[in-house]
Amino acid sequence: MLFPTLSFGLFFLIVFTVVWAANGSNEWRKILLLVASWVFYGAWDWRFVALLIGSALLNWGAAELIWYNREAPAGRRRAIMIVGVVGNLAILGFFKYYGFFVEQLGDILHAAGYARDLPLMQVVLPVGISFFTFQGMSYLADVHAERLAPAKLLDVTLLMSFFPHLVAGPIVRGSDLLPQFEESPRLTRDMASMGLVLIVWGLFKKAVVASELSTGLVDPVFFDPAAHSRLDLIAAAYGYAVQIYCDFSAYSDMAIGIAALLGYKFPLNFNQPYRAQSLQDFWRRWHISLSSWLRDYLYIGALGGSRKGFARQCANLMATMLLGGLWHGAKWTFVIWGGLHGGVLALERIWDRIRPQGFPRLPRVLGILITFHVVLVGWIFFRAESFDAAVAYLKGIATAGLASDVLTPLACVLILFGMAIHFTPANLGQRIALQVRLLPAWALGLLVGITVLIVDAMRFEGVAPFIYYQF
Amino acid sequence: MPQDTPSPIDLPEPELKESGLGWTFGVILIASLFLLCANAASLRDWIEDQPPSPAQQQAAEYADQWVDTTEAVGIGLPRKAMHDQWKRAEVARFPGSAHKEGAADSPE
């Protein structure tokens, strides 16, 4: 069930009505939201609802044990947390990385002269598994660090299953959402206005910009780079940069908007990432819920951040980004993407340290251009089917001709639009919401209806799944 | 929300005092009714995509009749006109483009 479909629209209308009708009892409200979330998840595959419940039970149980042992020696509490984290990683590892690691092991054994038939299995990847397992692990780490008290089973299960963020984030931490579950929420005009702005804006970015660029430009060129000219390859690379932003940020916007209409606040997940002046700045703007998760729980929490010297800090940055790359999927191209980001982040730190005093800083525009193009090269590896395909793509940019058979005026306009929205005022959506909250319901209803009608008239036939569903 | 994880839902001006629930119901109701009238074709297409059954066939018949009605009174036409315009934009090419003539889909 994809957000920008009529099926989801009808599902949401029912959930919205039933949940607010039950607002008198917060417990019943949460139970209804939980059932709705399972119906939403079960629309892909009912079997994985059991996995979701099992994962919630694991994290709830481990957190209860950590809390029960809070007077016990720190080592015991830590051991319980590690067992819980390993349980989450085992779930993630089996479903997401089993095939990849068995394949790599087979290659290593073969190279060493020990050819063996390893037990390969076709493991179906549950949608959103990377998101809910990360959520579970951060919950355990927060309870262990006493940043958060353990929550009731219902709340933990709803935290991990809540349908707006379930399949593609944002990774909403327990500390953000669990306190909101404690009382029946109140829907204010401000929340509803901003929620509606985000939903309509997300719908436009996904259904019009991302879908059009994907089907008309990016997919054909990345499918067979050798058959396309230099101009097509360059345009498709820029097109993919805009597509992945409009696709992923659209999901986040709609998730935040849908949650708001149900009375809950999710954190910001994107903040005009292509206006970043450095890669460090980029990661404060792109997939903020993942980058802050990796920073807090992996880079600082597990690896020690900058506490163990400068060389170790750079190594930690690289390790964090390599694992961040692997989080996206079991492919070497994701690891290389992560390595590129980790390497450049480390270089930025090194340059900051060795830069002579008085040496002029990079002009802002140049910083933005360089950062964007580093990110762009990373996206080629991220999108390519294999390392060889990515290298062939980059070679094609350097060698092929300038004739184009896929670049259209519409694609150019959409790419320019996708870039231009990064340079509008950062709080433009909020300013619009401040205006629309003053409108009477009939006027805003008509405005929303007309906007959705325009988007629907422009959208590509059918809706492709969001890119981040596969993660 | 905690300060280190701001939410875009927190607007930068003081909150309006009125409850938003009835207002939001009104907004969603009006938007839904508007789309039911002005975008009936999408509802018909969605019903046609559902697994076949007697109920689905019956619903598809009603949806067809509803589309005819909205087009007869003219309320469904703006969407169709915009969609046709968009399809023309999709197939437009730069002068001298290497794209083969006739390979593009024609507008509906």
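These numbers were taken from a predicted model, which means no experiment stands behind them. (Residues numbered from 1 in each chain as written. Chains lettered and ligands numbered in written order. Predicted model: local features only at pLDDT ≥ 70, side-chain atom pairs only at ≥ 80, totals over all residues. Heavy atoms only, no water.)

### Digging into the overall build of chain A
For step 1, the next point in the chain: When helices and strands are counted, chain A shows 18 helices and zero strands.
For step 2, the next point in the chain: Taken over the C-alpha trace, chain A has a radius of gyration of 23 Å; the compact-globule value for 471 residues is 23 Å, and the two agree within 12%.
For step 3, the next point in the chain: Each of the three principal axes of chain A carries a C-alpha extent, and together these read 65 × 60 × 60 Å.
For step 4, the next point in the chain: By residue count, 57% of the 471 residues in chain A fall in the buried class.
For step 5, the next point in the chain: Across chain A, contacts joining residues at least 24 apart in sequence account for 78% of those joining residues at least 6 apart. (Helix = DSSP H or I, 4+ residues; strand = E, 2+ residues; numbered from the N terminus. Rg over C-alpha atoms; globule rule 2.2 N^0.38 Å. Buried < 20%, exposed > 50% of the residue type's maximum accessible area, 1.4 Å probe, protein only. Contact = heavy atoms within 4.5 Å.)

### Concerning the nonpolar core
For step 1, the next point in the chain: Counting 162 residues, the largest nonpolar core has A:Phe163, A:Leu217, A:Leu262, A:Tyr274, A:Trp286 and A:Trp379 as its most contacted members.
For step 2, the next point in the chain: The greatest single-element share of this core, amounting to 20 residues, is contributed by helix H9 (residues 230-261) of chain A. (Core = buried A, V, L, I, M, F, W, Y, C linked by side-chain atoms within 4.5 Å.)

### Observations regarding the pattern of salt bridges
Residue and element names in this part refer to chain A.
For step 1, the next point in the chain: One pass over the full model with this rule turns up 21 salt bridges over all chains.
For step 2, the next point in the chain: Across the pair Lys-30 and Asp-155 runs a salt bridge, and its minimum N-O distance is 2.8 Å. Residue Lys-30 is found in helix H2 (residues 26-42), and its partner Asp-155 is found in helix H6 (residues 153-161); the two are separated by 125 residues along the sequence.
For step 3, the next point in the chain: By relative accessible area, which is 1% here, Lys-30 ends up buried.
For step 4, the next point in the chain: The class for Asp-155 is buried, based on a relative accessible area of 4%.
For step 5, the next point in the chain: Between Arg-147 and Asp-142 there is a salt bridge, with the nearest N and O atoms lying 2.9 Å from each other.
For step 6, the next point in the chain: For Asp-142, a relative accessible area of 2% puts it in the buried group.
For step 7, the next point in the chain: One network of salt bridges, with partners in common, ties together Glu-27, Lys-30, Lys-152 and Asp-155. (Salt bridge = Lys/Arg side-chain N within 4 Å of Asp/Glu carboxyl O.)

### Section: helix H3 (residues 47-68) of chain A
Residue and element names in this part refer to chain A.
For step 1, the next point in the chain: Taking 1.5 Å per residue as the helical rise, H3 with its 22 residues ought to reach 32 Å, and the 32 Å between its terminal C-alpha atoms agrees with that figure.
For step 2, the next point in the chain: Every buried residue of H3 is accounted for by Phe-48, Val-49, Leu-51, Leu-52, Ser-55, Ala-56, Asn-59, Ala-62, Ala-63 and Ile-66. Taken down its axis, H3 places every buried residue within 165° of arc, on the same side. Turned more than 90 degrees off the buried face of H3, the exposed positions are Arg-47, Ala-50 and Tyr-68.
For step 3, the next point in the chain: Among the structural elements, H2, helix H4 (74-111), helix H5 (129-144) and H6 are those in contact with the buried residues of H3. (Expected span 1.5 Å × (residues − 1). Arc of directions from axis to C-beta.)

### Digging into a nonpolar patch on the surface
Residue and element names in this part refer to chain A.
For step 1, the next point in the chain: Together, Trp-28, Ile-31, Val-35, Val-39 and Trp-46 make up an exposed nonpolar region whose accessible area comes to about 520 Å².
For step 2, the next point in the chain: Along the polypeptide, Trp-46 turns up in the loop between H2 and H3.
For step 3, the next point in the chain: By relative accessible area, Trp-46 is classed as exposed at 55%. (Patch = residues over 30% accessible without salt bridge, like charges linked within 9 Å, V, L, I, M, F, W, Y side chains within 5 Å. Areas by Shrake-Rupley, 256 points an atom, 1.4 Å probe, with all protein chains shown as cover.)

### Brief notes about the interface of chain B and chain A
Note: interface size is frequently given as the accessible area lost on complex formation between the parts.
For step 1, the next point in the chain: Contacts between the two partners involve 49 residues from chain B and, on the opposite side, 64 residues from chain A.
For step 2, the next point in the chain: Contact between chain B and chain A buries roughly 5000 Å² in total, counting both sides, with carbon and sulfur atoms accounting for 70%.
For step 3, the next point in the chain: Looking only at chain B, the three residues that lose the most surface to chain A are B:Ile9, B:Trp23 and B:Trp86, adding up to 17% of its buried area.
For step 4, the next point in the chain: Counting across the chain B and chain A interface gives four salt bridges.
For step 5, the next point in the chain: Here A:Lys265 ties to B:Asp10 by a salt bridge, and the two come within 2.6 Å at their closest N and O atoms.
For step 6, the next point in the chain: Here chain B and chain A share 16 residue pairs in polar contact (both at pLDDT 80 or more) between them.
For step 7, the next point in the chain: The set of elements that each furnish at least two residues to the side of chain B that touches chain A consists of helix H1 (21-38), helix H2 (40-49) and helix H4 (77-91) of chain B. (Buried area = accessible area lost by both parts, 1.4 Å probe. Polar contact = N/O pair within 3.5 Å; in protein donor to acceptor, adjacent residues only side chain to side chain.)

### Points about the packing of helix H1 (residues 6-21) of chain A against H2(A)
Residue and element names in this part refer to chain A.
For step 1, the next point in the chain: Close contact between H1 and H2 brings their axes to 9 Å; oriented N to C, the two are set at 165°. One finds that H1 runs roughly antiparallel with respect to H2. For the element pair H1 and H2, the recorded crossing hand is right-handed. On H2, the residues touching Phe-8, Phe-11, Val-15, Val-18, Val-19 and Trp-20 of H1 are Arg-29, Leu-32, Leu-33, Ala-36, Val-39 and Phe-40.
For step 2, the next point in the chain: Broken down by class, the residue content of the contact of H1 with H2 amounts to 11 nonpolar, no polar and one charged. (Axes fitted to C-alpha atoms, helices over the stretch in contact; angles between N-to-C directions. Parallel < 35°, antiparallel > 145°, perpendicular 65-115°, else oblique. Left-handed = near helix turned anticlockwise from the far one by under 90°. Nonpolar A, V, L, I, M, F, W, Y, C, P; charged D, E, K, R; others polar.)

### Here's the deal with H4(A)
All names here are of chain A.
For step 1, the next point in the chain: Across its 38 residues, H4 extends only 45 Å between first and last C-alpha, which sits more than 12% below the 56 Å expected from 1.5 Å per residue.
For step 2, the next point in the chain: Of all bends in H4, the biggest is about 70°, found at Tyr-97.
For step 3, the next point in the chain: Phi for Gly-113, located one or two positions after H4, is positive at around 85°. (Bend = angle between axes of the 7 residues up to and from the residue.)

### Focus on the packing of aromatic side chains
Residues and elements named next belong to chain A.
For step 1, the next point in the chain: This model, assessed by the stated rule, comprises 50 aromatic pairs over all chains.
For step 2, the next point in the chain: Relative to Phe-40, the ring of Phe-8 lies with its centre 5.9 Å away and its plane at 75°, an arrangement referred to as edge-to-face. Of the two residues, Phe-8 is situated in helix H1 and Phe-40 in helix H2; the sequence distance between them amounts to 32 residues.
For step 3, the next point in the chain: Taking the relative accessible area as the measure of exposure, Phe-8 reaches 4% and is therefore buried. (Phe/Tyr/Trp six-rings, centres within 6.5 Å; stacked < 30°, edge-to-face > 60°.)

### Overview of the side chain of A:Gln135
Residues and elements named next belong to chain A.
For step 1, the next point in the chain: Relative to the helices and strands, Gln-135 is located in helix H5.
For step 2, the next point in the chain: Judged by its relative accessible area of 2%, Gln-135 falls in the buried class.
For step 3, the next point in the chain: Within polar-contact distance, the side chain of Gln-135 engages the backbone oxygen of Val-172 at 2.6 Å.
For step 4, the next point in the chain: Non-local contacts of Gln-135, meaning those with residues more than four positions away in its chain, are made with Leu-159, Met-160, His-165, Ile-171 and Val-172.

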